[in-house]
Amino acid sequence: MTLSVVFLGPPGAGKGTQAAALADRFGFIPVNSGALLREEVETGTRMGQVAAAYMERGDLVPDEIVTAVVLRRVAGHSGHRMVLDGFPKTTAQAVAMRDALTAARSPARLAVEFAIDRDVLRQRLLRRARQQHRTDDRPATIGRRLAAFATTPAPLLDFYRDEGILATVDASPTPVEVASALTALVAAAIDRT
Ligand code: AMP
């Protein structure tokens, strides 16, 4: 039996950077819901066509679409350590994910909440918008995305607290400092598994 790690937190909190760090350090396979949805949009699949309108507005894509896309990828990595980045964002997604990870023999043993100040986030997202030209990192969309996901919904935190696997890291310091806090949490979770 192996284990997966779930990242919770807003866009700009550094989840992608830290998912890459866990890949290097411990061999976790990053599964990023935003990236998977963008692939669907670029390929022009039916699900991608529906998702695109929500993503352009900075709104959440409906649960059944994002869940189908992410769970297909999770099933493909069955038996491997995975780090879930950007998924789940709702309790319905969390329940679907729990069952899928268990079926993939890689249950979630750690859920990490990236805690970060809203103003720091806005600055980071604006910088990323200038660097990467992502359509959903435009200033107008950033406001909507922050409103939609700046704080992790309490029921989602409760879900992982009830599972006994919730931990929080302060996502404000440098990536190296965040990685060191995270590494300690992940190493402990691996030891328990
Ligand atoms: P991200 O790359 O995580 O910032 O996600 C980009 C966009 O994809 C978001 O603004 C949402 O529209 C959509 N998205 C990503 N993950 C989810 C999710 N778990 N549930 C619903 N929509 C999502």
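Residues numbered from 1 in each chain as written. Predicted model: local features only at pLDDT ≥ 70, side-chain atom pairs only at ≥ 80, totals over all residues. Heavy atoms only, no water.

(A) Representation of the site of the ligand within the structure. Residues in close proximity to the ligand total 17 residues, the closest being Ser33, Asp59, Gly86, Gln93 and Arg145. A distance of 3.1 Å separates an oxygen atom of the ligand from a polar atom in the side chain of Arg38. Take Gln93: an N or O atom from its side chain is 2.9 Å from a nitrogen atom of the ligand. Protein chains bury 96% of the 480 Å² of accessible surface belonging to the ligand in isolation. The set of elements that each furnish at least two residues to the shell around the ligand consists of helix 2 (33-43) and helix 7 (139-149). Here the shell around the ligand gets four residues from one element, more than from any other, and that element is helix 2. Split by residue class, the shell around the ligand holds seven nonpolar, four polar and six charged. (Near = heavy atom within 4 Å. Polar contact = N/O pair within 3.5 Å; in protein donor to acceptor, adjacent residues only side chain to side chain. Areas by Shrake-Rupley, 256 points an atom, 1.4 Å probe, with all protein chains shown as cover. Helix = DSSP H or I, 4+ residues; strand = E, 2+ residues; numbered from the N terminus. Nonpolar A, V, L, I, M, F, W, Y, C, P; charged D, E, K, R; others polar.)

(B) Region of interest: the packing of helix 4 (residues 63-76) against helix 5 (residues 91-103). Running from N to C, helix 4 and helix 5 cross one another at 20°; their axes reach a closest spacing of 10 Å. In terms of axis orientation, helix 4 runs roughly parallel to helix 5. The element helix 4 and its partner helix 5 pack so that their crossing is right-handed. Residues Asp63, Val66, Thr67, Val70, Leu71 and Val74 of helix 4 lie in contact with helix 5, whose contacting residues are Ala92, Gln93, Ala96, Met97, Ala100 and Leu101. Residue composition of the contact of helix 4 with helix 5, grouped by class: nine nonpolar, two polar and one charged. (Axes fitted to C-alpha atoms, helices over the stretch in contact; angles between N-to-C directions. Parallel < 35°, antiparallel > 145°, perpendicular 65-115°, else oblique. Left-handed = near helix turned anticlockwise from the far one by under 90°. Contact = heavy atoms within 4.5 Å.)

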